[in-house]
Each structure stands twice: as structure tokens, then as C-alpha cells.
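# Observations on the model geometry
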Amino acid sequence: MERVDVAIVGGGPAGTSAAHAAASAGASTVVLEKGVPRADRQGLGPDSTDAAGILDYWVDIMGIHPDEMPDDVVLDILDRAEFIGPNETVTLRSTGIDSSYDEFGYTFHRAKFDDWMRSRSEEAGAGYRLKASVRDVETDLNATGGEDDPRHVVRLANGENVGADFLILADGPQRTVTNKVLDDFLPFDITERLASPKVNHIAYQEHREFPPELFEEVDGGIKFWWGYMPGHTAYPWVFPNDNNVCRVGLTMPIGLDIDEVDDRDNYKLLREDDEKVPQGREYVRRLLEQEYGDEYDIDEDFPLVEERGKSKGTETYSISSTRPIDSPTKAGIAVTGGAMGSTSAFHEGGDHVAVRTGAIAGELAAEGDLSEYNTRWKDAIGDEILRNVAMADIVHDYGPSDWDTTFKAARKLLDSDKGYKAFDRAKLTAGFSAAKLATKYKRTKVKFRNGKYVQLTESEYTL
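Computed from a predicted model, the values in this text were never measured in an experiment. (Residues numbered from 1 in each chain as written. Predicted model: local features only at pLDDT ≥ 70, side-chain atom pairs only at ≥ 80, totals over all residues. Heavy atoms only, no water.)

## A short note on the pairing of strand E6 (residues 89-92)
Put simply, the rule reads: Throughout this description, buried means an accessible area under 20% of the type-specific maximum (1.4 Å probe, protein chains only), exposed means over 50%, and partly exposed covers the range between. Working definition: helices are DSSP H or I runs of at least four residues, strands are E runs of at least two. Numbering for both runs from the N terminus. Should DSSP find at least two bridges between two strands, the strands are taken to pair.
Here E6 shows a clear split, with Val90 and Leu92 buried on one side and none of Thr89 and Thr91 buried on the other. Pairing between strand E5 (residues 80-84) and E6: four bridges, direction antiparallel. Paired with Glu82 across the strands is Thr91, a residue of E6.

## With respect to the packing of helix H11 (residues 351-367) against helix H12 (residues 373-394)
Using the following cut-off: For every element, the axis is a line fit to its C-alpha atoms; helices are fit only across the contacting stretch, and the angle between N-to-C directions ranges from 0 to 180 degrees. Any angle that is under 35 degrees is reported as roughly parallel, and any over 145 degrees as roughly antiparallel; angles of 65 to 115 degrees are reported as roughly perpendicular and all others as oblique. In a left-handed crossing the near helix is turned counterclockwise from the far helix by less than a right angle, and in a right-handed crossing that turn is clockwise. Contact definition: two residues touch when any of their heavy atoms are within 4.5 Å. Just so you know the grouping, Ala, Val, Leu, Ile, Met, Phe, Trp, Tyr, Cys and Pro go in nonpolar, Asp, Glu, Lys and Arg go in charged, and all remaining residues, Gly too, go in polar.
As a packed pair, H11 and H12 sit with axes 10 Å apart at the nearest point and diverge in direction by 160°. By the criterion of interaxial angle, the relationship of H11 to H12 is roughly antiparallel. When the axes of H11 and H12 are compared, the crossing they make is right-handed. Residues His352, Val353, Arg356, Thr357, Ile360, Ala361, Glu363 and Leu364 of H11 lie in contact with H12, whose contacting residues are Tyr373, Arg376, Trp377, Ala380, Ile381 and Glu384. Considered class by class, the residues forming the contact of H11 with H12 number eight nonpolar, two polar and four charged.

## Brief notes about helix H1 (residues 13-24)
Condition: What a helix should span is 1.5 Å times the count of its residues minus one.
When the terminal C-alpha atoms of H1 are compared, their 16 Å separation across twelve residues agrees well with the 16 Å that a helix rising 1.5 Å per residue should span. For H1, the buried fraction is high: ten of the twelve residues fall into the buried class. Within H1 the residues assigned to the buried category are Pro13, Ala14, Gly15, Thr16, Ser17, Ala18, Ala19, Ala21, Ala22 and Ala23. Positive phi appears at Gly26, one or two residues downstream of H1, with a value of about 95°.

## Some words on the sheet that holds strand E7 (residues 105-108)
Sheet strands pair by backbone hydrogen bonding; their relative direction is either parallel or antiparallel. With respect to topology, three strands assemble into an open sheet ordered E3-E7-E4, the strand pairing being antiparallel. At either margin of the open sheet sits one strand with a lone partner, and together these are strand E3 (53-55) and strand E4 (74-78). Each adjacent strand pair in this sheet contributes to an overall mean axis angle of 20°, direction not counted.

## Here we look at the nonpolar core
Put simply, the rule reads: Put simply, buried Ala, Val, Leu, Ile, Met, Phe, Trp, Tyr and Cys residues joined by side-chain atoms within 4.5 Å make one nonpolar core.
Counting residues in each nonpolar core, the largest one holds 109 residues, and the members touching the most others are Phe113, Val154 and Leu167. Of the residues forming this core, the biggest block, ten residues, is contributed by H12. For Val154, the contacting residues outside a window of four places in its chain are Ala7, Leu32, Val134, Asp136, Val137, Glu160, Asn161, Val162 and Leu167. Among the nonpolar cores identified, the runner-up in size contains 29 residues, and Ala234, Val261, Leu270 and Leu287 belong to it.

## Thoughts on the side chain of Arg3
Selection rule: Counting of polar contacts relies on pairs of N or O atoms within 3.5 Å, with two restrictions inside protein: one atom must be capable of donating a hydrogen and the other of accepting it, and residues adjacent in sequence are counted only when both atoms are side-chain atoms.
Note that Arg3 resides in strand E1 (residues 2-9). Overall, the relative accessible area of 17% leaves Arg3 in the buried class. Within polar-contact distance, the side chain of Arg3 engages the backbone oxygen of Gly145 at 2.8 Å. Leaving out residues up to four positions away in the same chain, Arg3 has contacts with Gly145, Gly146, Glu147, Pro150, Gly163, Ala164 and Asp165.

Structure representation (C-alpha cells):
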């Protein structure tokens with residue numbers, strides 16, 4: 001049996017960040033990654049599917065500056081984010097949060113970023129095993145931790161076993177392995193809280209080449225359309241990349257019943273004859289037709305870039321859309337990134353918090369004590385999680401008109417303050433609706449403060 005100090009399940013940003021931290025501190029470390037093929041990657045790697053954008057202060061949360069990355073990882077420098085409602089829009093040109101990064105943000109190539117993170121962890125001394133699909137994990141809390149008596153035995157599908165003192169779970173929002181492991185330490189069925197159909201959204205995106213003159217218009221800005229499609233935190237987007245290519249995609253909840261949608265006629269991407277919620281491909285086409293169809297032929301002028309993405313220019317993937325969970329650290333286990341829900345709630349993408357939680361877990365595991373993990377990750381990313389959970393709670397039942405009201409109010413708030421700070425100040429000088437929005441945001445944050453955004457606390461584990 002292979003024997004290491006730290007075994008990590010999952011080779012994405014959280015897993016490789018944990019491996020880098022643990023190996024850098026001298027711990028014997030191995031990353032177990034099942035590996036998937038992609039059109040834009042040589043060989044196998046993690047399921048690197050994401051809209052892949054980073055805002056300025058996210059750079060500091062992540063702890064990795066883009067200057068450290070290879071030149072081909074960053075695709076486009078951003079100067080704004082545009083939020084588009086059915087009739088109202090608001091443009092964010094500053095997050096209002098101090099940052100070491102001088103630009104508003106950047107978009108990047110997730111597969112190349114993941115491959116670089118892998119090489120970074122391997123250079124630090126970590127092992128990285130592909131085609132290492134984890135079948136099960138056995139944990140013995142009474143194990144001595146000796147060479148032949150590890151606390152965790154990770155059983156692989158190929159029949160091999162890996163023994164480890166510490167286990168870091170970084171298998172993403174589907175939690176294929178995490179759910180199995182945590183279920184052994186809970187007095188209730190874990191699917192009551194963390195079943196994928198209940199806590200995950202589905203996302204779909206296409207890599208489309210834009211006409212050069214149109215790309216010049218969208219370059220530097222990430223665009224989100226709210227109130228155009230039904231469902232909690234359901235929205236399409238456009239992310240500019242390089243060489244006139246944009247990622248055009250959407251996020252929507254799994255299992256939405258179109259018959260339960262109120263005011264369906266008000267959603268611009270629904271049609272009267274829709275008998276069910278459209279598939280991602282159809283939503284993307286409708287968005288492009290609506291925004292650019294008067295001037296361009298969508299099929300001819302916006303071709304799919306088939307050498308990019310997961311499969312012929314397209315990607316489909318699950319994302320976490322829930323509140324984060326604590327880890328059973330007394331068992332020597334840390335859950336990180338998408339598996340813990342830290343990439344969740346309101347924003348699309350969470351590579352920055354995945355990297356940070358992974359780094360914290362790897363560092364503590366190398367020190368031989370995970371007991372501070374749940375406190376440390378809250379200290380590092382708690383403000384970010386609180387912002388997003390509060391926003392997601394506020395907009396949970398929003399329809400198209402609600403988004404218009406909110407964007408109009410937000411625009412007034414941003415006239416008096418920059419970025420997110422504007423929503424923490426209920427100024428009547430900005431108008432009643434703006435002050436009302438700011439007040440609701442502040443009160444919602446109070447509801448979730450002091451770690452109340454955690455949906456599964458450490459005290460609930462039976463250890």
C-alpha cells in the first residue's frame with residue numbers, strides 16, 4: 001500500500017493548491033485525480049469547466065498574482081462588469097475593495113491554469129496520479145498513524161490503496177467522494193442536506209468567435225443578463241477571452257418545472273410554445289439572436305471554436321449553489337473548494353476561494369493538526385461568502401421586474417459610492433428605493449454573520 005502524510009482527492013484548483021502547500025512544508029503528498037479529456041488540453045486532467053474570471057480583490061484572496069502565471073493563462077484584462085435587466089442596467093467599474101491588483105479583473109483559461117497549478121504542486125514535491133478514481137475511503141479514528149496503520153485508507157477503482165494521516169477532499173461541487181466520506185460522521189443521511197440535485201445548478205457555455213468590430217465593443221467587460229430566464233440565480237453571460245473569442249453561457253437550477261414559473265411571458269428567453277425549460281444550447285442561441293440577430297447571422301458570424309472547451313467548443317458542468325459546510329477536522333479531514341460549497345451562491349466561478357481553502361488545508365495538514373481549519377477558512381474568505389450568500393438570499397424569488405427595480409436602485413447607490421461598499425450604506429440622498437435596497441442587504445448580512453452562512457457545522461459531526 002502506498003503511504004503518504006496527506007492524500008488529496010481531486011486535482012483542480014483546491015486540490016493542487018492543497019498539494020503545493022503541504023509539499024512545500026515537507027509533507028509527503030499525493031493528488032488523486034480521475035482525469036477527463038478536453039479538446040483544449042493535451043492528455044487528461046481535472047474537469048476544468050468554468051467561466052473563469054477573477055476580480056481585483058479576488059487576486060488577494062487567492063494568494064496568486066497573475067504575474068506568476070505563464071503568459072497564456074490570462075486571456076483578457078477587464079475594466080467593468082455589466083448587469084443587464086429587462087429594462088434597466090448597471091455597470092460596475094470598481095469593486096470598491098482595496099487590492100494589490102491594479103486592474104478591475106481578468107479572464108483566464110481554466111484548463112491551462114489547472115495544468116500550471118499541477119506543475120506548481122509537482123515542483124514542490126507532491127505526487128499527482130491520473131486515472132486514480134476513488135471508490136471509497138475507510139477511516140479509523142483509533143489508528144496509530146504508523147506505517148502499517150494509517151488513519152485513512154483511500155481505495156481506488158483499480159484495486160490499489162493509499163494510506164494517509166490526513167485526507168483533503170477537493171472533488172468539486174458534485175461531491176462524489178465527499179458525500180460518501182461525510183455520511184459516516186453524520187447522524188442523518190447526508191443527502192438530506194447535500195444531494196447534488198438539490199444543491200447544484202447546471203451550467204453550459206460555448207466558445208464563440210465574435211465579429212471583430214463587435215468584439216471591440218465587448219472587450220474588457222463581463223456581461224450578465226438577469227431576469228431573462230427563470231430560476232434562482234439563473235442567468236446567461238458573455239465573457240471576453242482572446243483572439244475575438246468569447247465564452248457565451250448560462251447558469252440555471254437543475255430540475256426546474258416550467259409549469260411552476262410565474263409570469264413566464266416576462267422572461268425574454270422563454271417562448272410561448274416552450275413545454276419545458278430550454279436546454280443550454282437553445283438558451284445561448286436565443287440570447288445571441290436577441291442581442292445581435294438584427295445585424296448578424298448567428299450561425300455564420302458567431303462560429304463555434306471547436307478546438308476550445310471540453311468538447312467541440314462547448315462545456316456542460318455542475319456548479320455549487322449552496323452555502324458552505326464545515327469539515328470534520330477531528331477525523332483528520334478537510335473539505336475544500338467546490339466540495340465544501342465555498343464557490344457557491346451568487347457569483348459564477350470560485351477559483352479564488354477554492355485555491356485559498358486548499359492552501360489553508362494543505363498547510364495545516366503538513367503541520368499535523370487540522371483543528372484550526374474551519375476557523376482559518378472563515379477568517380480568509382468569510383467576508384466574500386457572507387456577501388454572496390446575502391445577495392443570493394435577497395434575490396431568491398426575484399422575477400424580471402424585481403431585477404429592473406434593483407438595478408435602478410443599485411445605479412443610484414453607485415453614484416455615491418464605489419463598488420460593493422455602496423450597498424453597505426443606506427443613503428436616503430440616493431432615493432428611497434436605493435436606501436431600501438441597501439438596508440435589506442445590511443440586514444440580510446446580519447442574519448448570516450458570525451459564520452451563520454455555514455449550513456453544516458462541525459458540531460453536527462458525530463466524532
